[in-house]
Amino acid sequence: MSRKRSERKLQERGFSLIELIVVLVILGLLATVVGPRVMDRLGKGKVDIAKMQVAELSGALDLYRFDVGRYPTSAEGLSALITNPGVENWSGPYLKKTVPKDPWNREYQYRSPGEHGDFDLYSLGADGTEGGDGENFDISSW
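Values in this document were obtained by computation on a predicted structure and should not be read as measured data.

(A) Expanded view of unusual backbone geometry. Following S112, the chain continues to P113 via a peptide bond in cis, the omega torsion being 5°. On the secondary structure map, P113 appears in the loop between β1 (109-111) and β2 (120-123). Although it is not a glycine, N89 sits at a positive phi angle of roughly 65°. As for its position among the elements, N89 is in the loop between α2 (17-68) and β1. Phi at N105 is positive, roughly 65°, even though this residue is not glycine.

Structure follows, in structure tokens:
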């Protein structure tokens, strides 16, 4: 009977402190190696999303111009793609949903007439200021 109890105690034994520390060290090493790569991919993904949204909004602005004969003014803004700002021949809405925010949760900048064409449409990137490199780079329609 005593032998069965000792076998049962051996089977019920948990992990030692050293085993747990080794596992935590391995997980920490994996996080330091994999973490930066994941964050780089996430940043690049946001830049790609912003480029796609700028292209989509530019296409909607072109449809607006085709119907109305001009691009929305800076005062009318991108909301003219969703609701009629009081102009004739408006056949919108030109977007399926609301005007999206950029991947960093800020409004897209819109100006018409633009400094680089009929309109300027851009996101200020991750840092929210003009210029920058990498994820902080401005994404624009020009």
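(B) Geometry of the sheet that holds strand β3 (residues 139-140). What the three strands build is an open sheet, ordered β1-β2-β3; its pairing is antiparallel. Both outer strands of the open sheet, β1 and β3, are each paired with one neighbouring strand and no more. Where β2 and β3 come together, two bridges link them in antiparallel fashion. Across the sheet, residue Y122 finds its bridge partner in β3, namely S140.

(C) Spotlight on the nonpolar core. Residues L57, L61, Y64, L78, L81 and L121 are the most contacted members of the largest nonpolar core, which totals 23 residues. With eight residues, α2 is the largest single contributor of residues to this core. In this structure, L121 is in contact with V54, L57, S58, L61, L78, Y108, Q109, Y110, I139, S140, S141 and W142, ignoring residues within four places of it in sequence.

What counts as what
- Residues numbered from 1 in each chain as written.
- Predicted model: local features only at pLDDT ≥ 70, side-chain atom pairs only at ≥ 80, totals over all residues.
- Heavy atoms only, no water.
- Helix = DSSP H or I, 4+ residues; strand = E, 2+ residues; numbered from the N terminus.
- Pairing = 2+ DSSP bridges.
- Core = buried A, V, L, I, M, F, W, Y, C linked by side-chain atoms within 4.5 Å.
- Buried < 20%, exposed > 50% of the residue type's maximum accessible area, 1.4 Å probe, protein only.
- Contact = heavy atoms within 4.5 Å.

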